[in-house]
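# Geometric and topological summary
Spelled out, the chains give:
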Amino acid sequence: MNARTTPQGELGAAISTAVVHMLAQRTGKGPTKAKTTLGENGVFIVLEDTLTKGERHLADAGESAAVLDIRRRWQRVMREEMTSRVEELTGRRVVGFMSDNHIDPDLAVEVFVLERAVEPGSP
């Protein structure tokens, strides 16, 4: 059995797909690769090839700071929607969200910290 056929693999794939679609709808281009790792109290997503042609052109022209600034603005705008979707998919409340981008190589990360799971038998 591989990671995609396990319940966690299916959940990770669903989260990756949701985030890629949100980015594509909002920015005009989604990442070409996404990998979600699930932890006990967190969701960690690594995205590759995220920049639009325009952002790549700006970065190549020495405007990386401007590209990173606009990406941070997109992350703030999409925070609530991404958080809601992760909560819906995991069935747990998100208590923290962090996001950042890197120009070369073209990478981004989305990190969702989940409320601690209630263990069976706990009050």
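Note that this is a predicted model, so its numbers are computed, not measured.

With that out of the way, let us pick up the pairing of strand E2 (residues 42–48). Of the pairings in the sheet, the one linking strand E1 (residues 33–38) to E2 comprises six bridges and is antiparallel in character. By the bridge assignment, Lys33 is partnered in E2 with Glu48. Taking the residues between adjacent antiparallel strands as the criterion, E1 and E2 are bridged by three residues. Direction of pairing for E2 relative to strand E4 (residues 107–114): antiparallel, over a ladder of seven bridges. What sits directly across from Val46, in E4, is Val109.

Let's shift gears to the sheet that holds strand E3 (residues 94–102). Strand order across the open sheet formed by four strands is E1-E2-E4-E3, with antiparallel pairing between neighbours. Looking at which strands have only one partner, the edges of the open sheet turn out to be E1 and E3. Across the sheet, the mean angle separating the axes of adjacent strands is 10° when strand polarity is ignored.

All right, on to the packing of aromatic side chains then. In this structure the tally under the stated criterion is one aromatic pair. With 4.9 Å between their ring centres and 45° between their planes, Phe97 and Phe112 make a pair best called tilted. Here Phe112 lies in strand E4 and Phe97 lies in strand E3, a separation of 15 residues in the sequence. On the basis of relative accessibility, which here comes to 12%, the residue Phe97 falls in the buried class. According to the relative accessible area criterion, Phe112 is buried, its value standing at 0%.

Once that is clear, we can look at the environment of Thr32. For Thr32, the position within the fold is in the loop between helix H1 (7–27) and E1. Note on Thr32: relative accessible area 53%, which makes it exposed. Each C-alpha atom of the pair Thr32 and Thr50 lies 7.1 Å from the other, and the pair is 18 residues apart in sequence. Setting aside its immediate chain neighbours within four residues, Thr32 contacts Glu48 and Asp49. A polar contact of 3.1 Å, which involves the side chain of Thr32, links it to the side chain of Asp49.

In the structure shown here, the tally under the stated rule is nine salt bridges. For Asp69, the salt bridge goes to Arg73, with nearest N and O atoms at 2.9 Å. Of the two residues, Asp69 and Arg73 are both situated in helix H3 (residues 64–90); the distance of four residues between them amounts to about one turn of the helix. When its relative accessible area of 33% is taken as the criterion, Asp69 is described as partly exposed. Between Arg85 and Glu88 there is a salt bridge; the shortest N-O distance is 2.4 Å.

Cut-offs used in this document
- Residues numbered from 1 in each chain as written.
- Predicted model: local features only at pLDDT ≥ 70, side-chain atom pairs only at ≥ 80, totals over all residues.
- Heavy atoms only, no water.
- Pairing = 2+ DSSP bridges.
- Helix = DSSP H or I, 4+ residues; strand = E, 2+ residues; numbered from the N terminus.
- Axes fitted to C-alpha atoms, helices over the stretch in contact; angles between N-to-C directions.
- Phe/Tyr/Trp six-rings, centres within 6.5 Å; stacked < 30°, edge-to-face > 60°.
- Buried < 20%, exposed > 50% of the residue type's maximum accessible area, 1.4 Å probe, protein only.
- Contact = heavy atoms within 4.5 Å.
- Polar contact = N/O pair within 3.5 Å; in protein donor to acceptor, adjacent residues only side chain to side chain.
- Salt bridge = Lys/Arg side-chain N within 4 Å of Asp/Glu carboxyl O.

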